Amino acid sequence: MPEPRRQPPVVITRPRAQAEPLAARLVALGIDARIFPLLEIKPLPVGSAREAGLKSALGRLTDYALVAFVSPNAIDAAFAYIAAWPAGVIAAVVGDSSRQALARHGVTDANASVASPTDPERTDSETLLQVLDLSALKGRKALIVRAETGRELLADRLREAGVDVEQVAAYRRGAPELDEARCAQLLSLVAAGATWVITSSEALRHLQAMVQQAGAHSGDASGSAGAWQAMQRQTLVVPHPRIAETAQSLGFDTVLHTGSGDEALITAIQAIQSRS
């Protein structure tokens, strides 16, 4: 009997700490999952003004009616300075992964007020705002814990509703270094026709730059343009319509938009593998 056709690999591009649990679940299902981070998470410089600002804000959580965390990374970084979640303060998150991160730090619906979008197909600042009681927050203080850079929509809409908003950075993010070994790994994954799990538009733009850089240094006659054209023919799995729009604007042929959370991603990946 002929051997079954080998499935192309599935590439998890989250920061490594978030990529490893999903990759492990996929491997347990018999899927060839690889980790290739497109974002690197770094702590704030020790002794910096940003670190001091973060410690100050988190040391007075009872001043706020609402504390919103923009990502699991924001939660993990913040809870290095939070001993216990104060009663009466709403913890707001934008997705299932962030809910799970809160739970790892002991904050759940059982012991705190946790606000998050109710539509699993779309979890973002817009849908978080839909579940917040903005009239009850008017005239009160809210804290947004985020990276050094990011979208301003949540802060802007809260301020428009009369909320006194403070924002603090909890971590830094950027593109990982693309050394010779990672160049070779990236080009190998592209050549294998991988399925790519992309969980942010920023990561997708980093991928474009990395593929073009790797192609330019590959020695292949087609160079940067050829490597990127090959990348555009890969299948992307994305959990948000905004990422899908970015992918389409960058010329990707096959973009599968799933619901939010690992379960939706795993279901989509299994469906792709069953069709291959």
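Reading guide: rules and limits
- Residues numbered from 1 in each chain as written.
- Predicted model: local features only at pLDDT ≥ 70, side-chain atom pairs only at ≥ 80, totals over all residues.
- Heavy atoms only, no water.
- Helix = DSSP H or I, 4+ residues; strand = E, 2+ residues; numbered from the N terminus.
- Rg over C-alpha atoms; globule rule 2.2 N^0.38 Å.
- Buried < 20%, exposed > 50% of the residue type's maximum accessible area, 1.4 Å probe, protein only.
- Contact = heavy atoms within 4.5 Å.
- Lys, Arg positive; Asp, Glu negative; His and termini not counted.
- Charge placed at Lys NZ, Arg CZ, Asp CG, Glu CD.
- Salt bridge = Lys/Arg side-chain N within 4 Å of Asp/Glu carboxyl O.
- Pairing = 2+ DSSP bridges.
- Right-handed = clockwise from strand over helix to strand, strands pointing away.
- Expected span 1.5 Å × (residues − 1).
- Arc of directions from axis to C-beta.
- Core = buried A, V, L, I, M, F, W, Y, C linked by side-chain atoms within 4.5 Å.
- Axes fitted to C-alpha atoms, helices over the stretch in contact; angles between N-to-C directions.
- Parallel < 35°, antiparallel > 145°, perpendicular 65-115°, else oblique.
- Nonpolar A, V, L, I, M, F, W, Y, C, P; charged D, E, K, R; others polar.
- Phe/Tyr/Trp six-rings, centres within 6.5 Å; stacked < 30°, edge-to-face > 60°.

Participant: Please explain the overall build of the chain as it appears in this structure.
Facilitator: The number of helices and strands found in the chain is 12 helices and 11 strands. Rg of the C-alpha trace for the chain: 20 Å, near the compact-globule value of 19 Å for 276 residues, within the 12% margin. For the chain, the spread of C-alpha atoms along the three principal axes comes to 65 × 40 × 30 Å. Across the 276 residues of the chain, 49% fall into the buried class. By sequence separation, contacts in the chain at least 24 residues apart represent 65% of the contacts at least 6 residues apart. The chain carries 27 positive and 29 negative side-chain charges, and their two centres are separated by 1 Å.

Participant: What's the story with the pattern of salt bridges in this structure? I'm lost.
Facilitator: Between side chains of opposite charge, a pair can form when the charged atoms approach closely. Within this structure, the stated rule accounts for 12 salt bridges. One salt bridge in this structure joins Lys42 and Glu40, with 3.5 Å as the shortest N-O distance. For the salt bridge of Arg146 with Glu152, the shortest nitrogen-to-oxygen distance reads 2.9 Å. Assessed through its relative accessible area of 8%, Arg146 is described here as buried. Bridged by salt links that share partners, the residues Arg50, Glu148 and Arg172 form one connected network.

Participant: For this particular structure, what's the right way to read the pairing of strand β11 (residues 254–257)?
Facilitator: Within a regular strand, side chains alternate between the sheet's two faces. Note: strand β10 (residues 235–238) against β11, 4 bridges, orientation parallel. Note on β11: the bridge partner recorded for Val237 is Leu256. Note on the crossover from β10 through helix α11 (residues 241–249) to β11: the handedness is right-handed.

Participant: Sorry, what's going on with helix α1 (residues 16–28) here?
Facilitator: Taking 1.5 Å of rise per residue, 13 residues should cover 18 Å, and α1 covers 18 Å from first to last C-alpha, within 8% of that figure. Listed in full, the buried residues belonging to α1 are Gln18, Ala19, Leu22, Ala23 and Leu26. Along the axis of α1, the buried positions cluster into a sector of 120°, meaning they face one direction only. Of the residues in α1, the exposed ones pointing more than 90 degrees away from the buried face are Ala17 and Ala28. Residues of α1 that are buried in the fold lie against β1 (10–12), β2 (33–35), α3 (72–78) and α12 (262–275).

Participant: Even after reading the chapter, I still don't get the sheet that holds strand β5 (residues 90–92), so can you show me in this structure?
Facilitator: The pairing of strands in a sheet happens through backbone hydrogen bonds and is either parallel or antiparallel. Across the sheet, which stays open at both edges, the 6 strands sit in the order β3-β8-β7-β4-β5-β6 with mixed pairing between neighbours. Unpaired on one side and paired on the other, β3 (40–43) and β6 (114–115) mark the two borders of the sheet. In this structure, β5 lies alongside β6, joined through 2 bridges in parallel fashion. In the sheet register, Ala91 faces β6, and the bridge partner there is Val114.

Participant: It is not clear to me how the nonpolar core should be interpreted in this structure. Could you clarify?
Facilitator: For soluble globular proteins, nonpolar side chains are generally found buried alongside one another. Judged by nonpolar contacts, the single largest core of 30 residues is most densely connected at Val67, Phe69, Trp85, Leu102, Leu143 and Val145. Every element with two or more residues in this core is listed here: α2 (49–58), β4 (66–69), α3, α4 (96–104), β7 (141–147) and β8 (164–174). What Val67 contacts, discounting residues up to four positions off in sequence, is Leu61, Trp85, Val89, Ile90, Ala91, Ala92, Leu143 and Val145. Counting 29 residues, the second largest nonpolar core, distinct from the first, contains Leu207, Val211, Ala244 and Leu250.

Participant: What's the story with the packing of helix α8 (residues 180–191) against helix α9 (residues 201–216) in this structure? I'm lost.
Facilitator: Angle between the axes and distance between the axes: these two values describe a pair of packed helices. The geometry of α8 relative to α9 is characterised by a closest axis approach of 9 Å and an angle of 100° between their N-to-C directions. Comparing their axes, α9 and α8 come out roughly perpendicular. Contacts between α8 and α9 involve Arg182, Cys183, Leu186 and Leu187 on the former and, on the latter, Leu207, Met210, Val211, Ala214 and Gly215. Its residues placed into classes, the contact of α8 with α9 shows 7 nonpolar, 1 polar and 1 charged.

Participant: Any chance you could explain the packing of aromatic side chains here in plain terms?
Facilitator: Two aromatic rings are characterised by how far apart their centres lie and by the angle between their planes. Scanning all chains against the criterion turns up 4 aromatic pairs. Where Phe69 meets Phe79, the ring centres are 6.1 Å apart and the plane angle is 35°; that geometry is what we call tilted. Of the two residues, Phe69 is situated in strand β4 and Phe79 in the loop between α3 and β5; the sequence distance between them amounts to 10 residues. For the pair shown, Phe69 and Phe79 are each scored as buried. Between Phe69 and Trp85, the ring centres sit 6.0 Å apart and the planes meet at 50°, which makes this aromatic pair tilted. Residue Phe69 is found in strand β4, and its partner Trp85 is found in the loop between α3 and β5; the two are separated by 16 residues along the sequence.

Participant: Even after reading the chapter, I still don't get the environment of Ala57, so can you show me in this structure?
Facilitator: One can find Ala57 in helix α2. Between the C-alpha atom of Ala57 and that of Ile272, which follows or precedes it by 215 residues, the distance is 45 Å. Setting aside anything within four residues of it in sequence, one finds Ala57 in contact with Tyr64, Leu143, Glu166 and Val168.

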